[in-house]
Amino acid sequence: MDTFGLKIIASDKVFYEGRCRKLIIPAPDGEKGILPNHENMVIAIAVGTAKVQLAGEDEWRDLAVGTGFAEIVNNRVTLLVDTAERPEDIDVRRAQEQQERAQEQMRQKQSIQEYYHTQASLARAMTRLRVAQDKKWNI
Ligand code: ATP
């Protein structure tokens, strides 16, 4: 089966580099699926769960991602995201604290800018809590 090159770059590291069969990314207007030989384009990534089917595998691996972009050029996909975590990377207690902190801040009066910041933080925390329950990558 056809594959494409996938590179996932978070702000602090190259998170993954290898061949991939299928990729689903969370975009602001819903999920986007990427298959081999996709046309060249740039897609915005929203906070959420990305799903990856690596070359030679049928199972889906889940990844919690922050905002960023996916660039597709000549059958190579680069995900540039501010944060990326596999289930085994996620500190559940920290995510629960992040969620509680964000929910508390939502109850306070905030500027529009602070509100969007808190909303994004809450979305990251909720995604982490969801992805932490998924199957470990073990790679
Ligand atoms: P918040 O999401 O509330 O702003 P934060 O500033 O601690 O919390 P981020 O800015 O989202 O966290 O992420 C900073 C770094 O810490 C990133 O590398 C991210 O992958 C990592 N990180 C954040 N929260 C967790 C978590 N619960 N478990 C594991 N890694 C985390």
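Residues numbered from 1 in each chain as written. Predicted model: local features only at pLDDT ≥ 70, side-chain atom pairs only at ≥ 80, totals over all residues. Heavy atoms only, no water.

### Re the pairing of strand β1 (residues 4–10)
The element β1 is largely enclosed, with a buried count of 5 among its 7 residues. With 7 bridges joining them, β1 and strand β2 (residues 13–27) adopt antiparallel strand pairing. Pairing of G5 across the sheet is with R19, part of β2. Across 6 bridges, the pairing between β1 and strand β8 (residues 76–81) is parallel. From the neighbouring strand, I9 faces β8, where its bridge partner is L80. (Buried < 20%, exposed > 50% of the residue type's maximum accessible area, 1.4 Å probe, protein only. Helix = DSSP H or I, 4+ residues; strand = E, 2+ residues; numbered from the N terminus. Pairing = 2+ DSSP bridges.)

### Comments concerning the UniProt feature "domain: ATP synthase F1 complex delta/epsilon subunit N-terminal" (unreviewed entry) in the protein chain
This chain's UniProt record puts "domain: ATP synthase F1 complex delta/epsilon subunit N-terminal" (unreviewed entry) on residues 6–84. Along residues 6–84 one finds 0% helix and 70% strand; the C-alpha atoms at either end are 14 Å apart. (UniProt positions renumbered as here; feature names shortened; annotations may be inferred.)

### A few points about the pattern of salt bridges
Following the criterion strictly, the structure yields 11 salt bridges and no others. In this structure, K135 and E59 form a salt bridge, with 2.7 Å as the shortest nitrogen-oxygen distance. Pair noted here: K135 is in the segment after α2 (112–131) and E59 is in the loop between β5 (48–54) and β6 (61–65), with a separation of 76 residues, a long-range link. A salt bridge links E88 to R86; its shortest N-O distance comes to 3.8 Å. Judged by its relative accessible area of 27%, E88 falls in the partly exposed class. Sharing partners across several salt bridges, the network here consists of R86, E88 and D89. (Salt bridge = Lys/Arg side-chain N within 4 Å of Asp/Glu carboxyl O.)

### Some points on the nonpolar core
In a soluble, globular protein the nonpolar side chains are often hidden away together inside. In this structure, L6, L23 and L79 are the most contacted members of the largest nonpolar core, which totals 25 residues. Listed by contribution, the elements that provide at least two residues to this core are β1, β2, β4 (41–45), β5, β6, β7 (68–73) and β8. Ranked by the residues each element gives to this core, the list is headed by β2, at 6 residues. Not counting chain neighbours up to four residues away, the residues in contact with L6 comprise Y16, E17, G18, C20, L23, V52, V77 and L79. (Core = buried A, V, L, I, M, F, W, Y, C linked by side-chain atoms within 4.5 Å. Contact = heavy atoms within 4.5 Å.)

### Section: the packing of aromatic side chains
Following the criterion strictly, the structure yields 3 aromatic pairs and no others. Arranged with centres 6.2 Å apart and planes meeting at 80 degrees, the rings of F15 and W137 form a pair that is edge-to-face. With F15 in strand β2 and W137 in the segment after α2, the pair connects residues that are 122 residues apart, well separated along the chain. We classify F15 as buried; its relative accessible area is 13%. Aromatic side chains Y16 and W137 sit 6.1 Å apart centroid to centroid with 75 degrees between the ring planes, which places their arrangement in the edge-to-face category. Linking Y16 in strand β2 with W137 in the segment after α2, this pair joins segments that are 121 residues apart in sequence. In this pair, the class of Y16 matches that of W137, namely buried. Three or more aromatic residues joined by ring pairs form one cluster here, namely F15, Y16 and W137. (Phe/Tyr/Trp six-rings, centres within 6.5 Å; stacked < 30°, edge-to-face > 60°.)

### Observations regarding the domain arrangement of the protein chain
For the protein chain, the assigned domains are domain 1 (4–85) and domain 2 (88–132). Averaged C-alpha coordinates put domain 1 and domain 2 at centres separated by 23 Å. Residue-level contacts link 9 residues of domain 1 with 9 residues of domain 2. Contact between domain 1 and domain 2 buries roughly 700 Å² in total, counting both sides, with carbon and sulfur atoms accounting for 64%. A per-residue breakdown of the area domain 1 buries against domain 2 is headed by V47, A64 and E85, which together make up 60% of the total. Taken together, domain 1 and domain 2 are joined by 1 salt bridge. On the surface where domain 1 and domain 2 come into contact, there are 1 residue pair in polar contact (both at pLDDT 80 or more). Among the elements of the structure, β5 and β6 are those that each provide at least two residues to the side of domain 1 that touches domain 2. (Domains from an automatic or database assignment. Buried area = accessible area lost by both parts, 1.4 Å probe. Polar contact = N/O pair within 3.5 Å; in protein donor to acceptor, adjacent residues only side chain to side chain.)

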